[in-house]
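Each chain is listed here by its residues.
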Amino acid sequence: MTSLKRSLATDPHASNISSKVFVRSTKSGKVQKIVRELYLRQDIPCSSKLCSACLANVPADANGNETLFVLSEKPAGTKAFPTGHYLVPDTNALLNGMDLFEQSSGFYDVIILQTVLEELRNRSLPLYNRLLGLTKSEYKHYYVFFNDFRLETYVVREKNETINDRNDRAVRKAVSWYQEHLQQAVKSSGRSKNVPAVVMLSDDRANLQKANADRINACPLAEYVSGLDDADRLLDMINTSRQGHEARTNVSEQIYPEYITLSKMMTGIRAGTLHQGVFSVSPYNYLEGSVHVPAFEKSLLILGRESSNRAVSGDIVVVEVLPKPQWKTPSTKIVEEETLNKDENADVEEGEGEAVVTEQERRALQEQVKKTHGSNVEGRPQPTARIVGVIKRNWRQYVGHVDGSSSSMSQKNRRQQTVFLIPMDKRIPKIRLHTRQAEELLGKRVLVTIDSWDRDSRYPVGHFVRTLGEVESKGAETEALLLEYDVQYRPFAKGVLDCLPREGHDWKVPASLYDPGWRDRRDLRDLLICSIDPVGCQDIDDALHARPLPNGNFEVGVHIADVSHFVRPNNAMDAEASIRGTTVYLVDKRIDMLPTLLGTDLCSLKPYVERYAFSTIWELTPDADIVSSTFTKSVIRSREAFSYEQAQLRIDDPSQTDPLTQGMRALLSLSRKLHQKRMDAGALNLASPEVRVQSESETSDPIDVKTKELLATNSLVEEFMLLANISVARKIHTAFPQTALLRRHTAPPATNFEALATQLSVKRGLTLRTESSAALASSLDTCIDAREPFFNTLVRILATRCMMSAEYFCSGTHAYADFRHYGLASDIYTHFTSPIRRYADLVAHRQLAAAINYSPLDAGSLQSKSRLESVCKNINVRHRNAQLAGRASVEFYVGQALKGRVTEEEGFVMKVFENGCVVFVPRFGIEGLVRLREMRVDGGLEPEGEFDAEEYVLNVNLGGGKGRRIELFGKVRVRIRDEKDEGTGKRKVRVELVG
Amino acid sequence: MPLDTSIYALSHLRLDGRRWNELRRIHAQISTQAAADGSSYLEMGNTKVICTVSGPAEVRRGAAGGVQDEKAGIIVEVGIAGFSGIERKKRGRGDKRIAEMQATISSAFSSTLFTHLYPRSTITITISILSQDGSLLAACLNAATLALIDAGIPMSDYIVSCTSGAIPSYSRTDPDKELVDPLLDLNGQEELELPWLTVGTLGAGERISVCVMETKVRVERLESMLAVGVDGCKQVREILDAVVRRRGKRVLESVVR
């Protein structure tokens, strides 16, 4: 028998081949050993423009494109490195100072080693993605050097060497190779040039020591930064929490319980003893959070700081349910962090350990427990739980302001001090911040990142990213809002703008019918089409027409801007649009999904010009039944762009008898019938408080607030858009049963309405039927208070809040029965009519174009269910954030409009707590929190309140025999004024009860 | 976890440090088992297979396989060792994937071997997969070619095979234009992440005798993938040819001596 085993020494290529062996454990807990080959090579360039040797063997891809060299010939230097330098950060440096590397004032010519990139990816995926973004930017000169594939820099892990030590050694080896290589390169070029230094940035002390022994330029990140201009600001941006944290290991100083290990959590979840869910904090009580887990019908309550164990709202956590005797009902009390833990000194904690729960907090909680035990409250106690581990932190960057009382401002020297940052989002705890510029930060909107939350720290520790501007200045507040809701507001990148048609604003529909743009397009230019939109609308998505047919029926067309003609799948513009997901409308600003050229000109169906459109044309009977429907790409010329008011006036004016007006009248009468049909089918007529901020035309300062009016023409447009969406949904679902992008609205579970139904029956003796949308719609109609016309709207607003939110989904992921849109009472629905401002519509356009065989579907993205699912997931989040941002913007401007004014308005009690209530003011569409302690008379004590949770009544004893009864749904008069909170420096709308 | 194929655009280097048009190391031996009529051992990177050929032999009673009277039938048996993959896994007799590989190999060789010379007989190709790291079918085909040559069964030419895949990329100058970066000879990790196909050619020309693709890919990309694959087959053929010639030389020398 011959042996097949051969010695590697006989192989001539053996020196170039190595293998990587590593062990990984899978999700199911299995351990796998993985062996990978590595081919080591010598043709990986250094990418420095100084080097000519590497230029000879630049790699090219299959299409012959060569990669360009990025590291500049004369890199910037510092005092320590006057000849200029290339930076080589190690993983710690990137983890601690990613914000620094993104600065435009420095950090150019950076070499990212493959070892570091890999390590960073394992440590933090978001940071890895940010770094990849940097390597793509042209002006930053970031180069990824694949040191583990280069023969000279490849390092074999030695026996008993930890992987970290091996990686550090690889970094040092690469740095020293670079140093030598550059020296040689400069020498061989013959010209006497300065050789730039190669500087390793590291925060690992052992690594630095070894680097010095190896005679490599190396310095800690902080030391390097302090040699730069503007060092104070830059130093603040370093994450300090990861350094030197070995000091405190004493058990007695640990405030929070330890997290259990990941494998323990996994086993627990599988066994059903632990549960996984998203942690969310109550907006009224920062000490109370909840986690919804599939195993329990009601959310699990997390009470108190110790149970919530360092989780921040939004984290994915693992919880353990507490024994039944500890179950409680949700609190009926307002607890705010600012008021409880005011004037804490941020520095204190550095010294000695302290209890997790402050005395005030404990009292607030205890009182609550007592109350719930005392009275037999309506709801059964809800299960409570405590957090035992965090699966995934969903920390983002937070906007807030520095708590002025938390630092001693007297110190004029630029010593580093610790301050608290109070985030705008009430559900996020205070963040401790080390800063050298505390004075400058006061009164500013500041962007920070949470770095860590250790067991020995009451609050999370973070670091400064940048300031947005003065608190309350319009610019800073708007930007803060956009950041808080993760809206992408940066101007479009060059790559995106390159995708626009070259003609720019001069682009026209080609005159020749033989132009490829006219392929399979119907010429609808002779139809009398018009658009109806709000005043001042620039991105006109839709236009309509109607004309009588000889057989007595009507031809009705809905024409939608043909955005998919301009935004081709998978190019940079498409990628950007899919990330943005939607256009965000703020009071004074619009953040577009697509570049303005498309949104407001080329795609916008402006009047009097020819535009490409995607048309849906029906034949409708006079009773608005669909006889037939067709979909086609088309060219249209809109005759007029009406505002809702103008359209209404024109329809109502009997002297107008031209065909366009006749068409609009036909549309209106058809839309009424469509509306009636929808209502009969059980569509809901919900209400949400919508107000419009009127602003002065020149300064755009808000001056007044108006509630939005609804005209018949609003409903006209809406009905036909719904009809178009439903027709398109049916079409694309038939064509692509697995991958159609649809929108659904699930029926809310009955438990959602429980609270509202009980409240209505207790307070007004009304019944709320919720078994179907039709039943809900009709029972909502009966919720009337003869004396109070607004009561019905109030109930509708409350009912809306019990609903689930509608979502986009991919048709293959749900059964047909689950496609239903509850609110619209339609069995299938999608979004098709606003492709300029919603990405979902753009996808629907592409799918419809493929369904009518106009163009093939791009295989890469839209045919794959998983790709489509991730698109849906993103646009669902973006859609929601856009709504929230819009609302927050209105809220801010309402506050601005009320600035310096005191008005008395009517309000309605929406929610009663034991120490306050929430009042809704219809005039401004705002909700105000009224606390008992604000009702005290002339600086007296906080009045005593007696809360009857079963009757939803709060009896307030104002002293001196005077009392006051606050009742749910009750009408109250309130005084509204804006007030600047001294502690937070933030202006707020204050609502007070009057008389 | 190491990096994935998304970094290709940064470096033009693949996960194992190869360029787009480079094969992995191929190592092949012939006549490894004296007891068999023909045998071979082949490594393509970390994919390792042993192949033995027995026959042409008389038809076994009740043997499965399309045994026709006037031609020899080719029976292929592929066995995947439980330890060959990352996870230890035992594959049963009725495994569909194995059955398909067997059918592909059998039909590829039934048109290349001069089976009409051996009526009423069978040729059994037994392939044992010792280690898998991508390009499994290609390795099996190459190993079978070598073993069949070793067995001295007349054939018209070598069947050689390799895999190719594609990474999508976009042109820097014209964003609307899509480019394709084809890759040659995929390893296991790349096969998981990218669309790929196995191509086998007959002889030194560009006659494709095997083409198997189980992933989805846009039809425009197929052409460049095939071109790269065929090109790779030519390289593989040279390597296998050298192995055969080296063996032939040794046989001649031993005869002369």
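Whatever comes next refers back to the structure up there.
Now for a look at the structure at hand. (Residues numbered from 1 in each chain as written. Chains lettered and ligands numbered in written order. Predicted model: local features only at pLDDT ≥ 70, side-chain atom pairs only at ≥ 80, totals over all residues. Heavy atoms only, no water.)

**Observations concerning the environment of His181(A)**
Residues and elements named next belong to chain A.
Line of reasoning, step 1. Tracing the sequence through the fold places His 181 in helix α5 (residues 163–189).
Line of reasoning, step 2. Assessed through its relative accessible area of 12%, His 181 is described here as buried.
Line of reasoning, step 3. When sequence neighbours within four positions are dropped, the list of residues in contact with His 181 reads Cys 46, Cys 51 and Cys 54. (Helix = DSSP H or I, 4+ residues; strand = E, 2+ residues; numbered from the N terminus. Buried < 20%, exposed > 50% of the residue type's maximum accessible area, 1.4 Å probe, protein only. Contact = heavy atoms within 4.5 Å.)

**Digging into the sheet that holds strand β9 (residues 288–291) of chain A**
All names here are of chain A.
Line of reasoning, step 1. The strand order across the open sheet built from five strands is β10-β9-β8-β11-β12, with neighbouring strands paired in antiparallel fashion. On the outer flanks of this sheet lie β10 (300–303) and β12 (385–392), each paired with one strand and no other. Taken pair by pair, the neighbouring strands of this sheet meet at an average axis angle of 40°, ignoring direction.
Line of reasoning, step 2. In this fold helix α9 (residues 262–271) packs onto β8 (274–281), β11 (316–321) and β12, with an angle of close to 105° to the strand it touches most, β8. (Pairing = 2+ DSSP bridges. Axes fitted to C-alpha atoms, helices over the stretch in contact; angles between N-to-C directions.)

**Some remarks on the nonpolar core**
Line of reasoning, step 1. Of all hydrophobic cores here, the largest spans 85 residues; its most connected members are Phe107(A), Leu131(A), Tyr178(A), Leu201(A) and Val225(A).
Line of reasoning, step 2. Counting residues per element, this core draws most heavily on α5(A), at eight residues.
Line of reasoning, step 3. When we break this core down by domain, the ones giving at least three residues each are domain 1 (20–59 + 67–236) and domain 2 (254–471) of chain A.
Line of reasoning, step 4. With residues near it in sequence (within four places) discarded, Phe107(A) still touches Leu87(A), Leu100(A), Phe101(A), Lys140(A), Tyr142(A), Leu201(A), Tyr224(A), Val225(A) and Leu228(A).
Line of reasoning, step 5. Core analysis: the second largest hydrophobic core is formed by 65 residues, Leu148(B), Val210(B), Val212(B) and Val244(B) among them. (Core = buried A, V, L, I, M, F, W, Y, C linked by side-chain atoms within 4.5 Å. Domains from an automatic or database assignment.)

**Remarks on the side chain of His463(A)**
Residues and elements named next belong to chain A.
Line of reasoning, step 1. Mapped onto the elements, His 463 comes out in strand β17 (residues 461–470).
Line of reasoning, step 2. On the accessibility criterion, His 463 (6% relative accessible area) is buried.
Line of reasoning, step 3. At 3.3 Å, the side chain of His 463 forms a polar contact with the backbone oxygen of Met 237.
Line of reasoning, step 4. Contacts of His 463, omitting those with residues within four sequence positions, involve Asp 99, Asp 236, Met 237, Ile 238, Asn 239, Leu 433, Val 448, Thr 449 and Asp 451. (Polar contact = N/O pair within 3.5 Å; in protein donor to acceptor, adjacent residues only side chain to side chain.)

**Remarks on a negative patch on the surface**
Line of reasoning, step 1. A surface patch of like charges, here negative, comprises Glu946(A), Asp948(A), Glu950(A) and Glu951(A).
Line of reasoning, step 2. Its location among the elements puts Glu946(A) in strand β32 (residues 944–948). (Patch = residues over 30% accessible without salt bridge, like charges linked within 9 Å, V, L, I, M, F, W, Y side chains within 5 Å. Areas by Shrake-Rupley, 256 points an atom, 1.4 Å probe, with all protein chains shown as cover. Salt bridge = Lys/Arg side-chain N within 4 Å of Asp/Glu carboxyl O. Lys, Arg positive; Asp, Glu negative; His and termini not counted. Charge placed at Lys NZ, Arg CZ, Asp CG, Glu CD.)

**Brief notes about the pairing of strand β5 (residues 142–145) of chain A**
Residues and elements named next belong to chain A.
Line of reasoning, step 1. Judged by which residues are buried, β5 turns out to be covered on both faces: Tyr 142 and Val 144 on one side and Tyr 143 and Phe 145 on the other are all buried.
Line of reasoning, step 2. The pairing of strand β4 (residues 110–113) with β5 spans four bridges and is parallel. Paired with Ile 112 across the bridge in β5 is Val 144.

**What to know about the sheet that holds β17(A)**
All names here are of chain A.
Line of reasoning, step 1. The sheet built from five strands closes into a barrel, its strands ordered β13-β14-β15-β17-β16 with mixed pairing. When strand polarity is set aside, the average angle formed by the axes of neighbouring strands in this sheet is 50°.
Line of reasoning, step 2. Note that strand β13 (residues 397–402) and strand β14 (residues 417–423) share three bridges and pair antiparallel. Considered in β14, the bridge of His 401 is made with Ile 422.

**Section: unusual backbone geometry**
Line of reasoning, step 1. A cis geometry characterises the amide bond from Gly55(B) onward to Pro56(B), with omega recorded as 0°.
Line of reasoning, step 2. Within the secondary structure, Pro56(B) is located in strand β3 (residues 47–58).
Line of reasoning, step 3. Its identity is not glycine, yet Asn309(A) carries a phi of approximately 35°, on the positive side.
Line of reasoning, step 4. The residue Asn309(A) is located in the loop between α10 (304–308) and β11 in this model.

**Structural notes on the packing of helix α2 (residues 96–110) of chain B against helix α3 (residues 136–151) of chain B**
All names here are of chain B.
Line of reasoning, step 1. Their axes nearest at 11 Å, the elements α2 and α3 cross at an angle of 40°. Classified by the angle their axes make, α2 and α3 are oblique. Handedness of the crossing formed by α2 with α3: right-handed. Here Met 101, Thr 104, Ile 105, Ala 108 and Phe 109 of α2 lie close against α3, whose contacting residues are Leu 136, Leu 137, Cys 140, Leu 141, Ala 144, Thr 145 and Leu 148.
Line of reasoning, step 2. Here the residues of the contact of α2 with α3 are counted per class, giving 10 nonpolar, two polar and no charged. (Parallel < 35°, antiparallel > 145°, perpendicular 65-115°, else oblique. Left-handed = near helix turned anticlockwise from the far one by under 90°. Nonpolar A, V, L, I, M, F, W, Y, C, P; charged D, E, K, R; others polar.)

**Digging into the packing of helix α3 (residues 114–123) of chain A against helix α4 (residues 125–136) of chain A**
Residues and elements named next belong to chain A.
Line of reasoning, step 1. The geometry of α3 relative to α4 is characterised by a closest axis approach of 6 Å and an angle of 140° between their N-to-C directions. Considering the angle they form, α3 stands oblique to α4. Here Leu 117, Leu 120, Arg 121 and Arg 123 of α3 come into contact with α4, specifically with Leu 125, Leu 127, Tyr 128, Leu 131 and Leu 132.
Line of reasoning, step 2. Taken together, the residues that form the contact of α3 with α4 break down as seven nonpolar, no polar and two charged.

**Side note on the packing of aromatic side chains**
Two aromatic rings are characterised by how far apart their centres lie and by the angle between their planes.
Residues and elements named next belong to chain A.
Line of reasoning, step 1. Here the structure, examined in full by the defined rule, presents 18 aromatic pairs over all chains.
Line of reasoning, step 2. Between Phe 790 and Phe 908 the ring centres are 5.0 Å apart and the planes differ by 25°, which places this aromatic pair in the stacked class. Here the residue Phe 790 occupies a position in helix α25 (residues 790–802), and Phe 908 occupies one in strand β29 (residues 902–913), the gap between them amounting to 118 residues.
Line of reasoning, step 3. Judged by its relative accessible area of 18%, Phe 790 falls in the buried class.
Line of reasoning, step 4. The buried category is assigned to Phe 908, whose relative accessible area is 2%.
Line of reasoning, step 5. Aromatic rings pair up to connect Tyr 143, Phe 145, Trp 177 and Tyr 178 into one cluster.
Line of reasoning, step 6. Above the face of the Tyr 259 ring, Arg 310 is positioned so that its terminal group lies 4.2 Å from the ring centre. (Phe/Tyr/Trp six-rings, centres within 6.5 Å; stacked < 30°, edge-to-face > 60°. Lys NZ or Arg CZ within 6 Å of the ring centre and 35° of its normal.)

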